[in-house]
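Structural description and commentary
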Amino acid sequence: PVLHTLMCVSHHLALVKQKVTRKVKTMQMFHKPVSSAMQGDRLGLCVTQFDPKLLERGLVCTPESLNTIHAAVILVKKIPYFRGSLHTKAKFHITVGHETVMGRVMFFGPSPDNSDKETQENCFDFGKEYLYQEEYLSSDAKSSEDKENSQVRGRQIPKQQWALLEFEKPVTCPKPCLVIGSKLDTDIHANTCRLAFHGLLMEGMEDKNYTETFLPKLKMYKLKHKEGQVERINDDYSVIGRSLFKKETNIQIFVGLKVKLSTGEDGVIEGSFGQSGKFKIRIPNGLHPSTKQRLTLSSKKKSKTGKGDSTTSAAREDDGKVDSEPVLISLCFKRYMFDPQKKMIQS
């Protein structure tokens, strides 16, 4: 049957699976010759120089109107009647074109600065940055993770969200086209909707090695946050930190990244200090007097404890307060999901 548009004698057709193009010589409809056909008609075709044994069932189309893709980016919307959350890395039955295959999904949204803006529905902008999401963000989500997920707590639900679909086997479809994600393995007797999401296919990836050739263009990033403590003061413009990195971490790749102390100072990681994962932080504007006093008291307490000196109960109380509130070091950066070099970026 003709699925779309108009077909005429002398048109050229592409046989998708065989990857060949042939000219339509004659057409018949219920054993009667015709010169054209439209959507919904059933036809018999005679094409030039083609062995009919090579095609029992398949798709024919206008040349270059269909693409065989291994992955796709879609503009996605959750179906409200589907119960539960849509999680990244989950598998769904993906219906696209005239096929249904298994596929893995990865959700992402606009960067926080653009969360309230809408882009063109038929165009995906690779020049913009996108934020990785552990799940599709929606106001009706009831999973326990929503309460713990800082993305849902701290972020406004964006007007548009996207998904990266990776198919277990390639599919042939036009662009743009409708995409439906389902949980068809759900019990058919259960009183529940099995259709999970739908969307519009924005970009298809025809290259089998799309992870190397295509995905690096997709600027999807994760926000990373590390926290450590100030070990001691080095001088008025530098401190020694700990607990931010493991002993085996190559601290050299973090050199030059900005950090912030819980007392308000901004600093820059200068390099490692010793072999136990400690590191040196330079404070360009110098330490506040209150921070210096706090770190000095903390260092004295550690020194006395190491020597075994006795102290008064009042001093112990004061030192305990100082020790119970260490100066924290915060390191925030973003890392692009598909960057081959795994660079750490700070704004």
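Just so it is clear, the structure is predicted and the values come from calculations on it, not from any experiment.

Thoughts on the overall build of the chain
When you go through the chain residue by residue, the secondary structure sums to five helices and 21 strands. A burial count over the chain gives 35% of its 347 residues as buried. When contacts within the chain are restricted to residue pairs at least 6 apart in sequence, long-range pairs at least 24 apart make up 67% of them.

Concerning the nonpolar core
Membership of the largest hydrophobic core comes to 24 residues, with the highest contact counts inside it found for F167, F197 and L201. Only strand 8 (67-78), strand 9 (91-96), strand 10 (99-110), strand 12 (161-173) and strand 14 (195-205) provide two or more residues apiece to this core. Ranked by the residues each element gives to this core, the list is headed by strand 12, at five residues. Aside from chain neighbours lying at most four places away, what touches F167 is I69, H70, A71, A72, I94, V96, V101, M102 and G103.

Considering the environment of Q156
When you line up the elements, Q156 lands in the loop between helix 2 (150-154) and strand 12. Assessed through its relative accessible area of 54%, Q156 is described here as exposed. With 19 residues separating them in the primary sequence, Q156 and L137 have C-alpha atoms 9.1 Å apart.

Observations regarding the pairing of strand 12
Taken together, the nine bridges between strand 8 and strand 12 define a ladder with antiparallel strand orientation. If you follow A71 over to strand 12, its bridge partner there is E166. Across six bridges, strand 10 lies against strand 12 in antiparallel orientation. By the bridge assignment for strand 12, M106 is matched with L164.

Looking at the side chain of T88
Structurally, T88 can be placed in the loop between strand 8 and strand 9. Judged by relative accessible area, which is 10%, T88 ranks as buried. When residues no more than four places from it in sequence are discounted, the contact partners of T88 are V105, M106, F107, Y132, Q133, E134 and E135.

Details of the packing of aromatic side chains
This structure, assessed with the given rule, holds 15 aromatic pairs. For the ring pair F124 and Y130, a centre distance of 4.9 Å and an interplane angle of 20° mean the geometry is stacked. Over the face of the ring belonging to F126 we find K217, whose NZ or CZ atom lies 5.4 Å from the ring centre. Looking at K222, its charged tip hangs above the ring of Y132, at a distance of 4.7 Å from the centre.

Quick look at unusual backbone geometry
The phi torsion at H31 lies on the positive side, around 70°, for a residue other than glycine. Tracing the sequence through the fold places H31 in the loop between strand 3 (20-29) and strand 4 (32-34). H31 gets classed as exposed once you look at its relative accessible area, which sits at 75%.

Thresholds, definitions, all that
- Residues numbered from 1 in each chain as written.
- Predicted model: local features only at pLDDT ≥ 70, side-chain atom pairs only at ≥ 80, totals over all residues.
- Heavy atoms only, no water.
- Helix = DSSP H or I, 4+ residues; strand = E, 2+ residues; numbered from the N terminus.
- Buried < 20%, exposed > 50% of the residue type's maximum accessible area, 1.4 Å probe, protein only.
- Contact = heavy atoms within 4.5 Å.
- Core = buried A, V, L, I, M, F, W, Y, C linked by side-chain atoms within 4.5 Å.
- Pairing = 2+ DSSP bridges.
- Phe/Tyr/Trp six-rings, centres within 6.5 Å; stacked < 30°, edge-to-face > 60°.
- Lys NZ or Arg CZ within 6 Å of the ring centre and 35° of its normal.

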